Amino acid sequence: MRYHKIPDETIRRLPIYLRGLLFSAEQGQESISSRNLADFLGINSWQIRKDFSYFGDFGTPGVGYDIKKLIKQINKILKLRVVRRAALVGVGNLGLAILAYPGFRIYGFDIAAAFDINPKKIGRKIENITIEDVSNLRTLKKRQINLAIITVPQDAAQQTADALVKAGVKGILNFSPHHITVPGKVKVITIDIAMDLARLPYYMPAG
Ligand code: NAD
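Residues numbered from 1 in each chain as written. Predicted model: local features only at pLDDT ≥ 70, side-chain atom pairs only at ≥ 80, totals over all residues. Heavy atoms only, no water.

### Re the overall build of the protein
Here's step 1: From N to C terminus, the protein includes 7 helices and 10 strands.
Here's step 2: Dimensions of the protein along its principal axes, counting C-alpha atoms only, are 60 × 50 × 35 Å.
Here's step 3: Out of the 207 residues in the protein, the part that is buried amounts to 39%.
Here's step 4: Put simply, of all contacts in the protein between residues at least 6 apart along the chain, 55% involve residues at least 24 apart.
Here's step 5: Carbon and sulfur atoms form 55% of the exposed surface of the protein, whose accessible area is close to 13,100 Å².
Here's step 6: With 30 positive and 17 negative side-chain charges, the protein shows a spacing of 6 Å between the two charge centroids. (Helix = DSSP H or I, 4+ residues; strand = E, 2+ residues; numbered from the N terminus. Buried < 20%, exposed > 50% of the residue type's maximum accessible area, 1.4 Å probe, protein only. Contact = heavy atoms within 4.5 Å. Areas by Shrake-Rupley, 256 points an atom, 1.4 Å probe, with all protein chains shown as cover. Lys, Arg positive; Asp, Glu negative; His and termini not counted. Charge placed at Lys NZ, Arg CZ, Asp CG, Glu CD.)

Here it is, written out as C-alpha cells:
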C-alpha cells in the first residue's frame, strides 16, 4: 500500500514522532496519549492526532496510542524497515562530525563508505571507515549504496551530485549551500543551518 495522500509536512514530522515513540518503548511503555507525546516532543496534540489520522486509527479512548503498532506503521511509511547503506562525500569538518554521530542508526542508516579528493585524507580510517578516493564512487551500485550525504565545498557540490547519480544513488542529503540539480527520479534534501539561523532573530524580542 502506498500513502500518496500524506502531506509533506506530516512526513516531515514522522521521524520526530518515531524518535519519541522509540524512547517511550525503551522506557517500557505500551501506549501513549497524544497529550503525553505532544508534551514530550513539543508539538500540539491536535497536530499529532491529525497526522496519525492519515494512516489509520491506533488510538483507544482513555488508553492512548499503541506504541508498537505506531512504530511499525511509521517505519513502513518512511520505508525505514530495511537498513540503508549511505556514502558520505567530503570528509572535512562537517563530514567528520557526521561520521562520528551515532544518532542515524535508530532510523536504520549505516554510513558504509566515505570519499574525499584530498590525497592526504585518502586511506585514513575514521570510525572504522577507510576514506576512499572519489573515483571509487562508481563502485556504489555494486556495494548496494543508493543514498549519499554531500559535505564537499559549494563549488564541488554539483559535480559530486552528478557522480553520485551516475553511480546509481537515488537519495541525496546535501549540506552544501549549492542548489543541486538532479534527474526527477532522484530526491535531494538540502540542510542549511545558516538559513535557520538567519530567520531566528526575527522571532526574538528586541533589546
Ligand atoms: P571542509 O573544507 O572542512 O571539508 C570539505 C571536504 O571536502 C574536504 O575534506 C575536501 O578535501 C573535500 N572535497 C573537496 N572537493 C571534493 C570533491 N570534489 N570530492 C570529494 N571531496 C572533496 O568544509 P566543511 O566545513 O566541512 O563544510 C563542508 C560543506 O558543508 C560546505 O559546502 C559548507 O558550506 C557546508 N556546511 C553546511 C552546513 C549546514 O548547515 N548545512 C554547516 C557547515 C558547513
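### Observations regarding the domain arrangement of the protein
Here's step 1: Split by domain assignment, the protein resolves into domain 1 (8–77) and domain 2 (84–195).
Here's step 2: Computed from C-alpha coordinates alone, the two centres of domain 1 and domain 2 are separated by 31 Å. (Domains from an automatic or database assignment.)

### A look at the nonpolar core
Here's step 1: Membership of the largest hydrophobic core comes to 21 residues, with the highest contact counts inside it found for Tyr17, Leu21, Leu37, Ile48, Phe52, Phe55 and Ile74.
Here's step 2: Within the residue set of this core, elements represented by two or more residues are α1 (8–26), α2 (34–41), α3 (45–53) and α4 (67–77).
Here's step 3: In terms of residue count, α4 provides more of this core than any other element does, 5 residues in total.
Here's step 4: Setting aside chain neighbours within four positions, we find isoleucine 74 in contact with Leu14, Tyr17, Leu18, Leu21, Phe52 and Phe55.
Here's step 5: If you look at the next biggest cluster of nonpolar residues, it comprises 20 residues, including Ile145, Ala161, Leu164 and Ile172. (Core = buried A, V, L, I, M, F, W, Y, C linked by side-chain atoms within 4.5 Å.)

### A short note on the side chain of arginine 13
Here's step 1: One can find arginine 13 in helix α1.
Here's step 2: When near neighbours in sequence (up to four residues on either side) are disregarded, arginine 13 contacts Ile43, Gln47 and Asp51.

### Notes on a nonpolar patch on the surface
Here's step 1: On the surface, a cluster of nonpolar side chains totalling about 270 Å² of accessible area is made up of Ile189, Ile191 and Ile193.
Here's step 2: Residue isoleucine 193 is classed as exposed on the basis of its relative accessible area of 61%. (Patch = residues over 30% accessible without salt bridge, like charges linked within 9 Å, V, L, I, M, F, W, Y side chains within 5 Å. Salt bridge = Lys/Arg side-chain N within 4 Å of Asp/Glu carboxyl O.)

### With respect to the site of the ligand
Here's step 1: Near the ligand, the surroundings consist of 23 residues, among which Asp116, Lys121, Val152, Ile191 and Ile193 are the closest.
Here's step 2: One nitrogen or oxygen atom from the side chain of aspartate 116 is found 2.6 Å from an oxygen atom belonging to the ligand.
Here's step 3: Burial of the ligand by the protein chains amounts to 75% of its free accessible area of 850 Å².
Here's step 4: Of the residues belonging to the shell around the ligand, the class tally is 12 nonpolar, 8 polar and 3 charged. (Near = heavy atom within 4 Å. Polar contact = N/O pair within 3.5 Å; in protein donor to acceptor, adjacent residues only side chain to side chain. Nonpolar A, V, L, I, M, F, W, Y, C, P; charged D, E, K, R; others polar.)

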